[in-house]
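In case you want the letters, here they are:
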Amino acid sequence: MVIEKSFYGFTKDGTPIDQYTLVNANGAMVKIINYGGIVTELWVPDKNGLLRDVVLGFDTLAEFEGPNDPYFGCIVGRYANRIAQGRFTIDGVTYQLACNDAGGARPNMLHGGVKGFQDVVWKAIPMKTPEGPALRLKYLSHDGEEGFPGNLDVTVTYTLTNDNALKIEYVATTDKPTVVNLTNHAYFNLEGEGSGDILNHELMIVADNYTPVDNNLIPTGEIAPVAGTPLDFREPRKIGERIQAFAEPPFKGYDHNFVLNNQTGELALAARVKAPESGIVMEVYTTQPGVQLYTGNWLDLKGKGGKYYGQYAGFCLETQHYPDSPNHPNFPSTLLSPGEVYRQVTIYKFLTE
């Protein structure tokens with residue numbers, strides 16, 4: 001078990017940022033920076049025992065801070081995904097959030113607003129645990145930040161377990177009623193980042209239903225069955241097999257919230273992905289009620305080592321509460337009140353076949 005800290009770079013305003021390298025008992029390795037809690041590298045063994053970096057990203061802090069960063073590998077908050085027109089109401093009080101998603105006719109709040117958790121500096125505490133090396137990240141989001149009520153105290157713990165899983169635990173408390181929906185926005189390519197598209201990856205999602213959306217990608221409020229649609233991944237299917245059904249904007253690929261069959265809040269299998277050439281399999285376990293499948297539909301940039309990341313160069317499985325939940329009483333609640341504790345656990349486990 002190894003934990004190493006190294007200087008990564010200065011932010012635009014001169015704050016020094018560190019990178020933490022965690023190596024487990026098998027030699028698998030993850031690198032995380034305390035800017036945005038970003039997973040910059042994740043090396044896991046393929047079927048031949050060779051390590052491959054399976055997450056997309058950049059080489060420099062300036063790129064992660066730049067306007068072209070599509071949330072690579074970061075912690076997303078306070079609210080992952082969209083809130084319609086950046087508005088919600090608690091106890092008769094309507095809150096207006098910072099809107100940063102103007103893709104449709106109406107602007108929405110996406111992934112926490114103009115400056116979400118991907119752009120803040122976290123306090124980092126490296127730890128050795130019985131499960132494997134870990135990094136605990138802490139951040140206090142002040143009352144009114146991006147328009148959200150309450151001082152939100154957030155702790156996110158990454159553990160690289162000795163059975164080759166990246167375990168992410170999220171805990172948050174507030175001093176005023178607020179809404180919370182935290183996730184990680186890693187883009188995966190199980191053949192190795194920069195190796196081409198992910199259309200041949202085989203995907204299975206443990207979901208009988210999904211949440212349909214309007215042209216602004218805001219849920220209609222309906223819970224609809226996946227049966228008979230290109231969203232039916234109950235049996236393993238290649239991601240590219242039916243992706244053309246969503247070729248037109250606003251989608252340009254998969255960008256859908258799946259209603260997981262497990263709604264108990266207990267840890268359960270949500271998805272399984274296999275890359276045919278590397279033999280790497282990723283299993284996703286979560287306590288969350290939903291998962292957003294996003295297939296890098298708008299990617300068109302240079303990534304690590306100058307490699308080109310085009311459309312479908314990576315996929316995201318963002319475990320979450322449903323988009324726009326504060327405005328849909330029939331969705332699982334994202335309300336957090338003083339005295340309560342927000343908790344969610346997501347595990348990305350890697351094996352080979």
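Right above here is the structure, for reference.
1. Structural notes on the overall build of the chain
Counting secondary structure elements, the chain contains one helix and 29 strands. On C-alpha atoms alone, the chain measures out to a radius of gyration of 19 Å, which is about the 20 Å that the 2.2 N^0.38 rule sets for 353 residues. Considering only C-alpha atoms, the chain reaches an extent of 55 × 50 × 35 Å along its principal axes. In the chain, buried positions account for 59% of the 353 residues. Considering the chain, the positive charge centre built from 28 side chains and the negative charge centre built from 41 side chains are found 2 Å apart.

2. Re the environment of Gly265
Relative to the helices and strands, Gly265 resides in the loop between strand E21 (255-259) and strand E22 (268-274). You can call Gly265 partly exposed: its relative accessible area is 39%.

3. Side note on the side chain of Asp46
Along the chain, Asp46 falls in the loop between strand E4 (39-45) and strand E5 (51-53). At a separation of 2.9 Å, a polar atom in the side chain of Asp46 contacts the main-chain amide nitrogen of Asn48. Separated by 2.9 Å, the side chains of Asp46 and Arg52 make a polar contact. The contacts of Asp46, once residues within four sequence positions are left out, are Arg52, Ser278, Ile280 and Thr352.

4. So, the sheet that holds strand E18 (residues 209-210)
Strand-to-strand pairing in sheets goes through backbone hydrogen bonds, with the strands running parallel or antiparallel. Spatial strand order, E19-E18-E21-E24-E27: five strands in an open sheet with antiparallel pairing. Two strands in the sheet have a free side with no partner beyond their single neighbour: strand E19 (224-225) and strand E27 (316-320). Note that E18 and E19 share two bridges and pair antiparallel. Residue pairing across strands places Asn209 opposite Pro225, the latter belonging to E19.

5. So, the packing of aromatic side chains
Counted under the stated rule, the structure contains 19 aromatic pairs. Here Phe246 and Tyr254 contribute two aromatic rings whose centre-to-centre distance is 5.5 Å and whose plane-to-plane angle is 55 degrees, an arrangement assigned as tilted. Both residues of the pair, Phe246 and Tyr254, count as buried. Three or more aromatic residues link up through ring pairs in this structure, and these residues are Phe58, Phe64, Phe72, Tyr187, Tyr294 and Tyr309. Here the basic side chain of Arg242 rests over the ring of Phe233, its NZ or CZ set 5.3 Å away from the ring centre.

6. Looking at the pattern of salt bridges
Following the criterion strictly, the structure yields 16 salt bridges and no others. Taken together, the shared-partner salt bridges in this structure form one network comprising Arg272, Lys274, Glu283 and Glu353.

7. Examining the sheet that holds strand E1 (residues 2-10)
Spatially, five strands are ordered E1-E2-E3-E4-E5 in an open sheet, and the strand pairing comes out antiparallel. Strands with a single pairing partner mark the edges of an open sheet, and in this sheet they are E1 and E5. Averaged over neighbouring strand pairs, the angle between their axes works out to 20 degrees when direction is ignored. Sheet topology places E4 next to E5; three bridges connect them, and they run antiparallel.

8. Section: the nonpolar core
Within the largest apolar cluster, 65 residues are counted, with the highest numbers of intra-cluster contacts made by Leu42, Phe188, Leu190, Ile205, Leu317 and Phe350. Here the element with the most residues in this core is strand E13 (residues 152-160); it accounts for five residues. With near-sequence residues (within four places) excluded, Leu190 lies in contact with Val54, His201, Val273, Ala275, Ser278, Ile280, Val281, Met282, Phe315 and Phe350. Tyr35, Ala80, Leu110 and Ala313 belong to the second-largest nonpolar core, a separate cluster that totals 22 residues.

9. Let's talk about unusual backbone geometry
Cis geometry marks the peptide bond from Gly77 to Arg78; its omega dihedral reads 0 degrees. Checked against the element boundaries, Arg78 lands in the loop between strand E6 (75-76) and strand E7 (82-83). In this model, Pro249 is joined to Pro250 through a cis peptide bond whose omega is 10 degrees. Phi at Lys252 takes a positive value of approximately 65 degrees, unusual for a residue other than glycine. Note that Lys252 resides in the loop between strand E20 (237-238) and E21.

Reading the values: the criteria
- Residues numbered from 1 in each chain as written.
- Predicted model: local features only at pLDDT ≥ 70, side-chain atom pairs only at ≥ 80, totals over all residues.
- Heavy atoms only, no water.
- Helix = DSSP H or I, 4+ residues; strand = E, 2+ residues; numbered from the N terminus.
- Rg over C-alpha atoms; globule rule 2.2 N^0.38 Å.
- Buried < 20%, exposed > 50% of the residue type's maximum accessible area, 1.4 Å probe, protein only.
- Lys, Arg positive; Asp, Glu negative; His and termini not counted.
- Charge placed at Lys NZ, Arg CZ, Asp CG, Glu CD.
- Polar contact = N/O pair within 3.5 Å; in protein donor to acceptor, adjacent residues only side chain to side chain.
- Contact = heavy atoms within 4.5 Å.
- Pairing = 2+ DSSP bridges.
- Phe/Tyr/Trp six-rings, centres within 6.5 Å; stacked < 30°, edge-to-face > 60°.
- Lys NZ or Arg CZ within 6 Å of the ring centre and 35° of its normal.
- Salt bridge = Lys/Arg side-chain N within 4 Å of Asp/Glu carboxyl O.
- Axes fitted to C-alpha atoms, helices over the stretch in contact; angles between N-to-C directions.
- Core = buried A, V, L, I, M, F, W, Y, C linked by side-chain atoms within 4.5 Å.

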